[in-house]
Amino acid sequence: MSIHSFKNVISFGPEGNCMWDRYRQESKQTICIIGVLILSAKLCRADGHFSEREEEAILKIVPHETQQKRSLIRILEEAYNDPNPIEHDAKNLKALLEDEHPEFLEFIVAALYKLAHTDHVYSEAEDEDIRSVANIFGITKSFFDQAEDTIKKYFIKASSSLRNKKKENVNA
């Protein structure tokens, strides 16, 4: 992907009014990390506060060198104050990644879910934000949720079959 087409993928608003535009000159990998930071900060904002514990959890998610910590915190603060809704940023990150790394998108949703529980306050607003991000990323149910549903359906069908056979034997 050329730099020119890369800019077009993530430039959604007027120049300078969007965090994505401010960082569009960075590498794709860096912008992905910034996207994770933005989504994380906005999720933490959803329950009305951004605790030190949440900040520490975010910094554990994002690989970085010690000297980069202050820059990451600055990006978190910028994202926290950004007026765009979390959906705006999820759409930008999804557009950037296209369909190249679905497992990374699943990782982001899982990290957001874990982050929402970090402060021991899981609000309805956080739940809505995580569901919105997952929907934008095209994540409906995880493999494990699908497997669990399949197993439940199987056992419901099997137990129903056994009940019917017992009824047949009693009536015979």
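On a predicted model such as this, the values are computed, not experimentally measured, just so you know.

**Student:** Could you give me a rundown of the overall build of the chain, with the residues and numbers involved?
**Tutor:** When helices and strands are tallied, the chain shows nine helices and zero strands. Element order for the chain, N to C, with α for helix and β for strand: α-α-α-α-α-α-α-α-α. Burial analysis of the chain (172 residues in total) assigns 37% to the buried set. Put simply, of all contacts in the chain between residues at least 6 apart along the chain, 69% involve residues at least 24 apart. Looking at the chain as shown, the accessible area adds up to about 10900 Å², and 54% of this sits on carbon and sulfur atoms.

**Student:** So what's going on with the side chain of Ser40? Residues and values would help.
**Tutor:** In this structure, Ser40 sits in helix 3 (residues 28–46). Those residues in contact with Ser40 that sit more than four places away from it in its chain are Ile58, Leu112 and Leu115.

**Student:** Outline the packing of aromatic side chains, supporting the account with residue identities and numerical values.
**Tutor:** Enumeration over the complete set of coordinates arrives at three aromatic pairs. Judged by centre distance (5.7 Å) and plane angle (40°), the ring pair of Phe50 and Tyr80 falls under tilted. You can see Phe50 sitting in the loop between helix 3 and helix 4 (52–61) and its partner Tyr80 sitting in helix 5 (residues 69–81), a full 30 residues away along the chain. Note on Phe50: relative accessible area 24%, which makes it partly exposed. Looking at Tyr80, the relative accessible area reads 26%, which means it is partly exposed.

**Student:** Go over unusual backbone geometry, please, and point to the residues and values.
**Tutor:** Despite not being glycine, Glu98 shows a phi value in the positive range, around 50°. A positive phi angle, close to 65°, is found at His120, a residue other than glycine. Its place among the elements puts His120 in the loop between helix 7 (102–118) and helix 8 (124–137).

**Student:** An account of the confidence of the model for the chain is needed here, citing residue identities and associated values.
**Tutor:** Per-chain confidence: the chain averages 81 in pLDDT, with 76% of residues scoring 70 or above. Counted against residues more than four places away or in other chains, residues 1–16, with its pLDDT under 50, gives 30 contacts.

**Student:** If you had to explain the pattern of salt bridges to someone new, which residues and values would you point to?
**Tutor:** As enumerated under the stated definition, the model contains eight salt bridges in all. Across the pair Lys42 and Asp82 runs a salt bridge whose closest N-O atoms are separated by 2.6 Å. Note that Lys42 is positioned in helix 3 and Asp82 in the loop between helix 5 and helix 6 (86–97), a separation of 40 residues in sequence. The class for Asp82 is buried, based on a relative accessible area of 5%.

Each value, and the rule that gives it
- Residues numbered from 1 in each chain as written.
- Predicted model: local features only at pLDDT ≥ 70, side-chain atom pairs only at ≥ 80, totals over all residues.
- Heavy atoms only, no water.
- Helix = DSSP H or I, 4+ residues; strand = E, 2+ residues; numbered from the N terminus.
- Buried < 20%, exposed > 50% of the residue type's maximum accessible area, 1.4 Å probe, protein only.
- Contact = heavy atoms within 4.5 Å.
- Areas by Shrake-Rupley, 256 points an atom, 1.4 Å probe, with all protein chains shown as cover.
- Phe/Tyr/Trp six-rings, centres within 6.5 Å; stacked < 30°, edge-to-face > 60°.
- pLDDT = per-residue confidence, 0-100.
- Salt bridge = Lys/Arg side-chain N within 4 Å of Asp/Glu carboxyl O.

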